[in-house]
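Breakdown of the fold
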Amino acid sequence: MHGGRGDLADLGVHAPPIDLSTTYPVPDQVAGGHALQDLAEGAAHAASPVYSRLHNPTVARFEEALASLEHTETSVAFGSGMAAVTAVVQAACVMRGLPHVVAVRPIYGGTDHLLSSGLLGVRTTYATADRVAEAITPETGLVVLETPANPNLDLVDIASVVAQAGGVPVMVDNTFATPVLQNPALLGATYVLHSATKYLGGHGDVLGGVVACEEDVARALRHVRIITGAVLHPLGGYLLHRGLATLPLRVEAAQASAVELARRLSGHPGVGLVRHPSLAGSPLIGTQMRGTGAVLAFTTRENPATVVRRLTLVTPAVSLGSVDTLVEHPAALTHRLVDSKDRIASGVPENLLRVSVGLEDVEDIWDDLDQALSGDCEGDYIKPSSSDSYAAV
């Protein structure tokens, strides 16, 4: 509520100002040059912002608030979640001459595609969470995981993976949990990544990414951001900062509905397996996580595309964490570019739907899901994969 707002009383304002300047007057060109040099080398602040690609005060407010929530010294914001992922790989691997990544599947499909593409000059070894240590080599610069995992809600023991990684930095995608429910940095993660587009913004109207970390690694991330221009627009920074103020209320309300929906879906004849941490009995709930989150997934008896077409209230769209309930078919959309054999082996079968529960009345959401799933429970059956089971490791 108060992060990044400590100076508002002195400014005589109640809402944080929005600084849309692209450039800043530098009457002392020598001092301006020193400021530019400091920012180009990764400093968080300098005597002058000089140019908005180097620093923006509105974005800096959001960064300060998010770092406070994640219990880190600082955070670095980017124009999108994928820009943030790319910057972490570049800072941890490319800039340090360590071109190997170990990743635990499943992860967001865009991250998986980036790591598999070789685009950044790194090679990736995919490992299960209990075998990360075996995959580490002298050239490993980064370990990547997401928990709860996208899209099947697998839970990964962060502290265990950090221990296996030894001195290799670990990046945890904390998008699903948010800092309300989980703080990976307190468990040893070096980089805590958010697709800020999701819960942090919370209203489906801003694109952004952010990495919470300590200052010693943040400098390299800022260096990448400045060189590549992967900056967050000030209006985006303002909206994300505003979104943080209601984040706990939104997460808690949506989570309560998700728990109830998961319970009801578990007994629905049109549903196979339901995946939500409230059903798993994982020891990580109450220890690593302070709650079970508001995203769930389930397999359908019918073709999932048929089920989605019947929905009238729930929004059929990618993304998550918005105030309205969203549903998507990972095999067709977010994880389409992941090799199908790899996707299925990691617990993401063809007939899985992912639901990001919103703030509508839970009865309204249930009525829509129920009618969509009840259309023809006997027809067009998709046999669940042998990997179609909930994993909590």
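Everything in this summary refers to the structure shown in the same document. Quick caveat: nothing in here was measured; it's all calculated off a predicted structure. (Residues numbered from 1 in each chain as written. Predicted model: local features only at pLDDT ≥ 70, side-chain atom pairs only at ≥ 80, totals over all residues. Heavy atoms only, no water.)

1. Looking at the overall build of the protein chain
When you go through the protein chain residue by residue, the secondary structure sums to 14 helices and 12 strands. Here the C-alpha atoms of the protein chain give a radius of gyration of 21 Å, agreeing with the 21 Å that 2.2 N^0.38 yields for 393 residues. For the protein chain, the proportion of its 393 residues judged to be buried stands at 55%. For the protein chain, contacts bridging at least 24 residues in sequence account for 74% of all contacts bridging at least 6. When the accessible surface of the protein chain is totalled, it reaches about 15,800 Å², and 56% of it is carbon and sulfur. (Helix = DSSP H or I, 4+ residues; strand = E, 2+ residues; numbered from the N terminus. Rg over C-alpha atoms; globule rule 2.2 N^0.38 Å. Buried < 20%, exposed > 50% of the residue type's maximum accessible area, 1.4 Å probe, protein only. Contact = heavy atoms within 4.5 Å. Areas by Shrake-Rupley, 256 points an atom, 1.4 Å probe, with all protein chains shown as cover.)

2. Remarks on the environment of Leu239
With respect to the element layout, Leu239 can be found in helix H10 (residues 234-265). The spacing of Leu239 and Gln182 is 57 residues in sequence and 22 Å in space, taken between C-alpha atoms.

3. Quick notes on the packing of helix H4 (residues 81-94) against helix H5 (residues 109-117)
When two helices pack together, you describe them by how their axes are tilted relative to each other and by the distance separating the axes. At a minimum axis distance of 10 Å, the contact between H4 and H5 shows a crossing angle of 35 degrees. Crossing geometry of H4 relative to H5 is assigned as right-handed. Residues Met82, Val85, Thr86 and Val89 of H4 lie in contact with H5, whose contacting residues are Gly110, Thr111, Leu114 and Leu115. Of the residues belonging to the contact of H4 with H5, the class tally is 5 nonpolar, 3 polar and no charged. (Axes fitted to C-alpha atoms, helices over the stretch in contact; angles between N-to-C directions. Left-handed = near helix turned anticlockwise from the far one by under 90°. Nonpolar A, V, L, I, M, F, W, Y, C, P; charged D, E, K, R; others polar.)

4. A closer look at the pattern of salt bridges
Scanning all chains against the criterion turns up 13 salt bridges. A salt bridge links Arg105 to Asp342, with the nearest nitrogen and oxygen atoms 3.4 Å apart. Taken together, the positions of Arg105 in the loop between strand S2 (100-103) and H5 and Asp342 in helix H13 (residues 340-345) put the pair 237 residues apart, joining distant regions of the chain. A relative accessible area of 32% means that Asp342 is categorised as partly exposed. A salt bridge links Glu215 to Arg222, with the nearest nitrogen and oxygen atoms 2.8 Å apart. For Glu215, a relative accessible area of 23% gives the class partly exposed. Accessibility expressed as a relative area gives 4% for Arg222, which makes it buried. Each member of the salt-bridge network shares a partner with another, and the members are Glu260, Arg263, Arg264 and Glu363. (Salt bridge = Lys/Arg side-chain N within 4 Å of Asp/Glu carboxyl O.)

5. What to know about the sheet that holds strand S10 (residues 315-316)
With mixed pairing, 5 strands are arranged side by side in an open sheet as S8-S9-S12-S11-S10. Every other strand in the sheet has two partners, leaving strand S8 (271-275) and S10 as the edge strands with one partner each. With 5 bridges joining them, strand S9 (residues 295-300) and strand S12 (residues 352-356) adopt antiparallel strand pairing. Across the sheet, the residue bridging to Phe298 is Leu353, located in S12. Here H10 sits on the sheet and contacts S8 and S9; the angle it forms with S9, its principal contact strand, is near 15 degrees. (Pairing = 2+ DSSP bridges.)

6. Focus on the pairing of strand S3 (residues 123-126)
When S2 meets S3, the two strands line up parallel, connected through 4 bridges. In the sheet register, Val101 faces S3, and the bridge partner there is Thr124. In this fold, the crossover linking S2 to S3 by way of H5 has right-handed handedness. (Right-handed = clockwise from strand over helix to strand, strands pointing away.)

7. Let's talk about unusual backbone geometry
Between Arg105 and Pro106 the backbone carries a cis peptide bond, its omega angle lying at -5 degrees. Inspection of the secondary structure assignment puts Pro106 in the loop between S2 and H5. Of the consecutive residues Asn150 and Pro151, the connecting peptide bond is found in the cis state with omega at 10 degrees. Mapping Pro151 onto the fold places it in the loop between strand S4 (140-146) and helix H7 (158-165). Its identity is not glycine, yet Leu153 carries a phi of approximately 65 degrees, on the positive side. Locating Leu153 in the fold gives a position in the loop between S4 and H7. Since its relative accessible area comes to 1%, Leu153 is described here as buried. One non-glycine residue with positive phi stands out, namely Thr178, at about 65 degrees. Examined against the element boundaries, Thr178 turns out to sit in helix H8 (residues 178-181).

Worth remembering: the numbers are spatial, not functional.
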